[in-house]
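Summary of structural features
If you want the building blocks of each chain, they are given just below.
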Amino acid sequence: MKLVRKDLEKDNAGQVTLIPEDSEDMWHTYNLLQVGDSLRASTIRKVQTESSTGSVGSNRIRTTLTLCVKAIDFDSQACQLRVKGINIQENDYVKMGAYHTIELEPNRQFTLAKKHWDSVVLERIEEACDPARNADVAAVVMQEGLAHVCLVTPSMTVTRAKVEVNIPRKRKGNCSQHDRALERFYEQVVQAIQRHINFEVVKCVLVASPGFVREQFCDYIFQQAIKTDNKLLLENRSKFLQVHSSSGHKYALKEALCDPSVTSRLSDTKAAGEVKALDDFYKMLQHEPERAFYGLKHVEKANEAMAIDTLLISDELFRHQDVATRARYVKLVDSVRENMGTVRIFSSLHVSGEHLGQLTGVAAILRFPVAELSDQEDESSSEED
């Protein structure tokens, strides 16, 4: 994301002008936008014209509109962002108060104005405009007959291809059908890798599977590369890293990212940090449950006791339509930071973010046990009875 201009006043009202550059920037833009914001961008409007003879025609005209945002729709697979709103600025082609939908896309500048830019939104702009971030991890999660080719960026886990092939069972004395189907499956996965993984950017390709599927696949891919003299695959052989996963489904990617050999390779990526934080939370929940809280009320109580060491929170919560609810989450984040705690904002498009979402979207690892909370709740519930 390119920051063109930033005009903020003392009360944090103001506007920023940005240019999204790739699909991940579209995800950041989606998280920046809120209902009630003012969005200014170029768009195409169908305009009716009447000629001197009285005939009516219509033309598509490019114009710049300023909308008060009413609805936001994001397609995570196509990374397309549609913003519906009401025109709030004089325009030659669109009346004041008329509805229009702007389609934001990469490399098209837009200006976003808010009555208040909170700390979470400003942090996201800083993160989005950081030139060091990129999609430097790819993953192939597979089992016999099923594979998912994914890209793991700092903010998203995007499934680029899903390969499914029916593999017949091995029969005594005749394995030819099974072997042919398996070879066809491997070939389709190789094609998906070559089509969707940019080896100039990616520094690690995880190949995860149960059993020996990953070893067999890696043997196949490089034997074929030698036969066909595929320089792209041969030159990037060292980037392929084999790890265990329980299945070939996308959710199994979390296990692969938790593998110690993977975390050491990915130590500088945001994704690895999120996975480790969530893994630490689950371990704490298992061994010292009084130092692992989840759910907004529990986490807020722990924060009041200044007990939070690490706050885990999903970015999905900051897209809440209710301003007061959103402000409550922002206040929690700011308070934890003031108390010298670490805040990790998880992307709901990451596998780790999906897992956190199942835990209400907010969790905390505590510095010290806070047993009084559950005791207080038990007392209050018994009083009510």
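Counting of residues starts from 1 at the beginning of each chain's written sequence and follows it residue by residue. Selection of residues for local features in this predicted model requires a pLDDT of at least 70, selection of side-chain atom pairs for listing and counting requires 80 or more, and totals for whole chains, interfaces and linings are taken over all residues. Side-chain measures were taken over the full set of non-hydrogen atoms in the model, leaving aside hydrogen atoms and water.

1. Quick notes on the overall build of the protein chain
- Scanning the protein chain for helices and strands turns up 12 helices and 16 strands.
- Each principal axis of the C-alpha atoms in the protein chain carries an extent, and together these give about 80 × 75 × 40 Å.
- Exposed residues in this analysis have more than 50% of their type's maximum accessible area, buried residues have under 20%, and partly exposed residues fall in between, with area computed by a 1.4 Å probe over protein chains only. Counting across all 385 residues of the protein chain, residues that qualify as buried make up 49%.
- Note on definitions: a residue-residue contact is assigned when non-hydrogen atoms from the two residues lie within 4.5 Å. Nonlocal contacts in the protein chain, meaning residues at least 24 apart in sequence, comprise 66% of its contacts between residues at least 6 apart.
- Surface accessibility of the protein chain: about 20,100 Å² in total, with carbon and sulfur atoms responsible for 46%. Secondary structure follows DSSP: runs of H or I at least 4 residues long count as helices, runs of E at least 2 residues long count as strands, and numbering of each begins at the N terminus. Residue burial considers only the protein chains on display, and all accessible areas are found by Shrake-Rupley using a 1.4 Å probe.

2. Some points on the pairing of strand β2 (residues 14-19)
- In terms of burial, β2 is largely enclosed, as five of its six residues are buried.
- Strands are treated as partners if at least two bridges between them are detected by DSSP. With six bridges joining them, strand β1 (residues 2-8) and β2 adopt antiparallel strand pairing. By the bridge assignment, K2 is partnered in β2 with I19.
- Counting the residues in the hairpin turn of β1 and β2 gives five residues, including N12, whose phi is positive at 65°.
- When β2 meets strand β7 (residues 110-114), the two strands line up antiparallel, connected through five bridges. Considered in β7, the bridge of V16 is made with L112.

3. Notes on the domain arrangement of the protein chain
- As far as domains go, the protein chain holds domain 1 (2-129), domain 2 (137-268) and domain 3 (271-380).
- Domain ranges listed in this record stem from an automatic or a database domain assignment. Spacing between the C-alpha centres of domain 1 and domain 3 amounts to 33 Å.
- The partner domain 3 presents 13 residues to the 13 residues of domain 1 that form the contact.
- Here the quantity called buried area is the total loss of accessible area, with a 1.4 Å probe, experienced by two parts when brought into contact, counted for both. For the pairing of domain 1 and domain 3, the buried interface totals around 1,100 Å² over both sides, and the portion due to carbon and sulfur atoms is 52%.
- A per-residue breakdown of the area domain 1 buries against domain 3 is headed by W27, V120 and E123, which together make up 43% of the total.
- By definition here, a salt bridge exists when the distance from a side-chain nitrogen of Lys or Arg to a carboxyl oxygen of Asp or Glu is within 4 Å. Counting the contacts that link domain 1 with domain 3 gives three salt bridges.
- With its nearest N and O atoms 3.1 Å apart, the salt bridge here joins D315 to R124.

4. Here we look at the pattern of salt bridges
- If you walk through the whole model with that rule in mind, you get 15 salt bridges.
- The partner of R108 in a salt bridge is E105, with the nearest N and O atoms 2.9 Å apart.
- A residue is classified by how much of its surface remains accessible, and R108, at 18% relative accessible area, is buried.
- The partner of E300 in a salt bridge is R328, and the shortest N-O contact between them spans 2.8 Å. Note that E300 is positioned in helix α9 (residues 296-304) and R328 in helix α10 (residues 323-338), a separation of 28 residues in sequence.
- In the salt-bridge network here, residues are joined through shared partners; they are R124, D315 and R319.

5. What to know about the sheet that holds strand β3 (residues 38-50)
- Strand order across the open sheet formed by seven strands is β1-β2-β7-β3-β4-β5-β6, with antiparallel pairing between neighbours. Among the strands making up the open sheet, the edge pair consists of β1 and β6 (99-104). Pairs of neighbouring strands in the sheet enclose a mean axial angle of 35°, with direction left out of account.
- Pairing of β3 with β7, which is carried by four bridges, proceeds in the antiparallel orientation. Axes here refer to lines fitted to C-alpha atoms; in helices the fit is confined to the stretch in contact. Angles between the N-to-C directions go from 0 to 180 degrees.

6. Concerning the layout of surface pockets
- The space that makes up the largest pocket amounts to roughly 350 Å³.
- Along its surface, the largest pocket is lined by 16 residues, and Q34, D37, K115, H116 and V323 are the ones closest to its centre.
- Every element with two or more residues in the lining of the largest pocket is listed here: β7 and α10.
- We call Asp, Glu, Lys and Arg charged. Ala, Val, Leu, Ile, Met, Phe, Trp, Tyr, Cys and Pro are nonpolar, and the rest, Gly among them, are polar. Residues belonging to the lining of the largest pocket are distributed by class as follows: seven nonpolar, four polar and five charged.
- Per-domain counts for the lining of the largest pocket show at least three residues from each of domain 1 (2-129) and domain 3 (271-380). Buriedness of a pocket was judged along seven lines, with at least five required to meet protein on both sides within 12 Å; pockets are open sets of points on a 1 Å grid over the protein atoms alone, cavities are sets where a 1.4 Å probe fits but cannot get out, and lining residues have an atom within 4 Å of a point. Grid points are joined across faces, edges and corners, and a volume is the space filled by probe spheres set on the points.

7. Quick notes on the nonpolar core
- The set of buried Ala, Val, Leu, Ile, Met, Phe, Trp, Tyr and Cys residues whose side-chain atoms join them within 4.5 Å is what this entry labels a nonpolar core. Within the largest apolar cluster, 32 residues are counted, with the highest numbers of intra-cluster contacts made by M142, F185, V189 and F217.
- Counting only elements with at least two residues in this core, the list comes to β8 (137-143), β9 (146-152), β10 (157-164), α3 (176-196), β11 (204-209) and α4 (213-228).
- Sort the elements by how many residues they give to this core and α3 lands first, with eight residues.
- Leaving out residues up to four positions away in the same chain, M142 has contacts with A147, F185, Y186, V189, V207, A208, S209, P210, V213, F217, S247 and G248.
- In terms of nonpolar packing, the next biggest core, distinct from the first, is built from 31 residues, W27, L32, L81 and L122 among them.

8. Here's the deal with the environment of F293
- Relative to the helices and strands, F293 resides in strand β13 (residues 292-294).
- Look at F293 and you get buried, because its relative accessible area is 9%.
- When the C-alpha atoms of F293 and L366 are compared, they prove to be 7.7 Å apart, with 73 residues separating the residues in sequence.

9. Re the packing of α3 against α4
- Running from N to C, α3 and α4 cross one another at 70°; their axes reach a closest spacing of 10 Å. It follows that α3 is roughly perpendicular to α4 by the angle criterion. Here L182, E183, Y186, E187, V189, V190 and I193 of α3 come into contact with α4, specifically with V213, Q216, F217, Y220 and I221. Here roughly perpendicular refers to angles of 65 to 115 degrees, roughly parallel to angles under 35, roughly antiparallel to angles over 145, and oblique to all remaining angles.

10. Here we look at the environment of L32
- Positionally, L32 belongs in helix α1 (residues 23-32).
- According to the relative accessible area criterion, L32 is buried, its value standing at 1%.
- For the pair L32 and G361, spaced 329 residues apart in sequence, the C-alpha to C-alpha distance is 19 Å.
- In this view, L32 contacts M1, L18, D37, L112, K114, V121, R124 and I125; residues no more than four positions away in its chain are not counted.

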